[in-house]
Amino acid sequence: MSATEQTIQPAANIHPIDRLLRADRLPHILCAGCGIGTVIHGYANSIAASGIDENNHVCVSGIGCSGRAAGYVNVDSYHTTHGRALPFALGIAVHKPELNVTVISGDGDLTAIGGNHFIHAARRNVNLNVICINNFNYGMTGGQVGPTTPIGAKGTTAPFGAVERPFNLPYLAKATGAIFVARWTILHVREFHEALVRSMQKPGFCFIEILAPCPTSFGKSNKIGDGLHEVEIYRERCQVQNGAPHLNDFDIDLLDESKPIVVGNFVDVERDAFME
Amino acid sequence: MTKSVPHVVREPIDLPQAQVPLGRVHVIVERCKQCNFCIKYCPTEVLEYSEDINAKGYHYPIVADGKEFACVNCRFCDLICPELAIYTTDISDADDTAEASDGG
């Protein structure tokens, strides 16, 4: 038996999870090695595993590469203005509490342009699942430095390296009142999947940060050759600390190879949700 | 920084009875963008690049020579694929290898 015979190309070119995606739009526009596709795939798998009626899922996204997510999932989805994914999703969640609203957004959209909305949505503890795809820069517009760019990492607007301290997103989410906080990378697909199903079943503001490679913008400025190279950095330096009591020193420093990138499900507490 | 985990040397007592599933790889060739995740992170190293290219000019993954029955259907290639271009199915129940080699 030859290897070519053993590799089966499905007759109709249909993936088993295609029913939850707008498969006629695939292959998507995202770059080779980008992690956003993995997150969209994980979101579709989590919808199937959540036990919640598929018609009750809503996906809201903002602007940027990750904003494309809403266009590829075959649930009710909204592509909103820049930074305003959270207020839009908040309106849906308050008006129709039976819906399960997930916001898929990027680090720039969620914590820079929409930063104020983020802290107040977490403070109010509205029933939302927020996935922040963190690629450390503004990828779609050409690799400008954003609020999560690590100190020393280069960008098109910081050719000698970023000098500002970046956001530590799990710490921010915990401090502002999120009831479920996790950070995973796209390599931790099963853990991310479980965290997302957990947040779908939990009423309240759940926040999951996903570290994703951006080979085209962030990688090019920082001598990271391709998506696989960046995922290898995660694999070598990630350290799982589920339920870590203190998140204040979990900053990501890409230059200091001795400092681990801490991932895990950090916070899982109960607090009255906005509608209760 | 990372604490070393002591290596487990004791063999599981039910090892002879353990059933390893047999998986079958399906590749949707035209979706692949050659990001290499599936080939790099396959725990049993089943996949390799094809010599052919798809319509976009990328080399897609194929099952390597001699690895036809190495897939254990762990689904990691499926879950990590950003393009939804690969998935595996369980063919442990297929009676013989002839049945295992067709279908898909």
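Residues numbered from 1 in each chain as written. Chains lettered and ligands numbered in written order. Predicted model: local features only at pLDDT ≥ 70, side-chain atom pairs only at ≥ 80, totals over all residues. Heavy atoms only, no water.

## Here's the deal with the pairing of strand E3 (residues 100-106) of chain A
Residue and element names in this part refer to chain A.
Logical step 1: When you tally the buried positions in E3, you get seven out of seven residues, the bulk of the element.
Logical step 2: In E3, alternate side chains face the same way, and those of Asn 100, Thr 102, Ile 104 and Gly 106 on one face and Val 101, Val 103 and Ser 105 on the other are all buried.
Logical step 3: With five bridges connecting them, strand E1 (residues 57-61) and E3 associate as parallel partners. Its bridge partner being in E3, Val 60 is matched across the sheet by Val 103.
Logical step 4: Both E3 and strand E4 (residues 128-134) contribute to a ladder of six bridges, which runs parallel. Bridging from a neighbouring strand, Val 101 pairs with Leu 128 of E4. (Buried < 20%, exposed > 50% of the residue type's maximum accessible area, 1.4 Å probe, protein only. Helix = DSSP H or I, 4+ residues; strand = E, 2+ residues; numbered from the N terminus. Pairing = 2+ DSSP bridges.)

## What about the interface of chain B and chain A?
Logical step 1: With 40 residues of chain B at the interface, the matching set in chain A holds 42 residues.
Logical step 2: Carbon and sulfur atoms make up 61% of the area that chain B and chain A hide from each other, which totals about 3500 Å².
Logical step 3: Summed over the shared surface of chain B and chain A, the result is one salt bridge.
Logical step 4: Here Arg 31 of chain B and Asp 18 of chain A are joined by a salt bridge, their closest N and O atoms 2.8 Å apart.
Logical step 5: Summed over the shared surface of chain B and chain A, the number is 12 residue pairs in polar contact (both at pLDDT 80 or more). (Contact = heavy atoms within 4.5 Å. Buried area = accessible area lost by both parts, 1.4 Å probe. Salt bridge = Lys/Arg side-chain N within 4 Å of Asp/Glu carboxyl O. Polar contact = N/O pair within 3.5 Å; in protein donor to acceptor, adjacent residues only side chain to side chain.)

## Let's talk about the sheet that holds strand E7 (residues 180-185) of chain A
Residues and elements named next belong to chain A.
Logical step 1: If you walk across this open sheet you meet the eight strands as E2-E1-E3-E4-E8-E7-E10-E9, and the pairing is mixed. Two strands lie at the open edges of the sheet, namely strand E2 (76-79) and strand E9 (238-240), each paired on one side alone. Mean inter-strand twist for the sheet, computed between neighbouring axes without regard to direction, equals 20°.
Logical step 2: With six bridges joining them, E7 and strand E8 (residues 205-211) adopt parallel strand pairing. Bridged to Arg 183 within E8 is Glu 209.
Logical step 3: Most of the contacts of helix H7 (residues 169-176) go to E8, to which it runs at about 175°, and overall it touches E4, E7, E8 and strand E10 (261-268).
Logical step 4: Lying over the sheet, helix H8 (residues 189-201) contacts E1, E3, E4, E7, E8 and E10, oriented at roughly 160° with respect to E7. (Axes fitted to C-alpha atoms, helices over the stretch in contact; angles between N-to-C directions.)

## A closer look at the confidence of the model for chain B
Low pLDDT means the predicted coordinates in that region are not meant to be read closely.
Logical step 1: Of the residues in chain B, 82% have a pLDDT of 70 or more, and the chain-wide mean is 82.
Logical step 2: Segment residues 98-104 of chain B is flagged for pLDDT under 50; beyond a separation of four residues in sequence, or across chains, it makes 11 contacts in the model. (pLDDT = per-residue confidence, 0-100.)

## A look at the state of the cysteines
All names here are of chain B.
Logical step 1: For the structure shown, the criterion picks out zero disulfides over all chains.
Logical step 2: With no disulfide of its own, Cys 38 lies 6.2 Å from the sulfur of Cys 35, the closest cysteine sulfur.
Logical step 3: Judged by its relative accessible area of 13%, Cys 38 is buried.
Logical step 4: Cys 81 takes part in no disulfide bond, and the closest cysteine sulfur, belonging to Cys 35, lies 6.0 Å away.
Logical step 5: You can call Cys 81 buried: its relative accessible area is 9%. (Disulfide = S-S within 2.5 Å.)

## Concerning the pattern of salt bridges
Logical step 1: Overall, the coordinates contain 10 salt bridges over all chains when judged by the stated rule.
Logical step 2: Between Asp 268 of chain A and Arg 198 of chain A there is a salt bridge, with the nearest N and O atoms lying 2.9 Å from each other. On the criterion of sequence distance, the pair formed by Asp 268 of chain A in strand E10 and Arg 198 of chain A in helix H8 is long-range, its members being 70 residues apart.
Logical step 3: What makes Asp 268 of chain A partly exposed here is its relative accessible area of 39%.
Logical step 4: Between Asp 78 of chain B and Arg 75 of chain B there is a salt bridge, and its shortest N-O distance comes to 3.3 Å.
Logical step 5: The exposure class of Asp 78 of chain B is buried, given its relative accessible area of 3%.
Logical step 6: Relative accessible area serves as the criterion here: at 32%, Arg 75 of chain B is assigned to the partly exposed category.
Logical step 7: Several salt bridges share partner residues, and in doing so they unite Arg 198, Lys 202, Asp 268 and Glu 270 of chain A into one network.

## So, the pairing of E4 of chain A
All names here are of chain A.
Logical step 1: A large share of E4 lies buried, amounting to seven of its seven residues.
Logical step 2: Neither face of E4 is left uncovered, since the one carrying Leu 128, Val 130, Cys 132 and Asn 134 and the one carrying Asn 129, Ile 131 and Ile 133 both have all their residues buried.
Logical step 3: Judged from the seven bridges that link them, E4 and E8 form a sheet pairing that is parallel. Pairing of Asn 129 across the sheet is with Cys 206, part of E8.

## Considering a negative patch on the surface
Logical step 1: Judged by side-chain charge, Glu 48, Glu 51, Asp 52 and Asp 65 of chain B come together as a negatively charged surface patch.
Logical step 2: Among the structural elements, Glu 51 of chain B can be located in the loop between strand E2 (47-49) and strand E3 (61-63). (Patch = residues over 30% accessible without salt bridge, like charges linked within 9 Å, V, L, I, M, F, W, Y side chains within 5 Å. Areas by Shrake-Rupley, 256 points an atom, 1.4 Å probe, with all protein chains shown as cover. Lys, Arg positive; Asp, Glu negative; His and termini not counted. Charge placed at Lys NZ, Arg CZ, Asp CG, Glu CD.)

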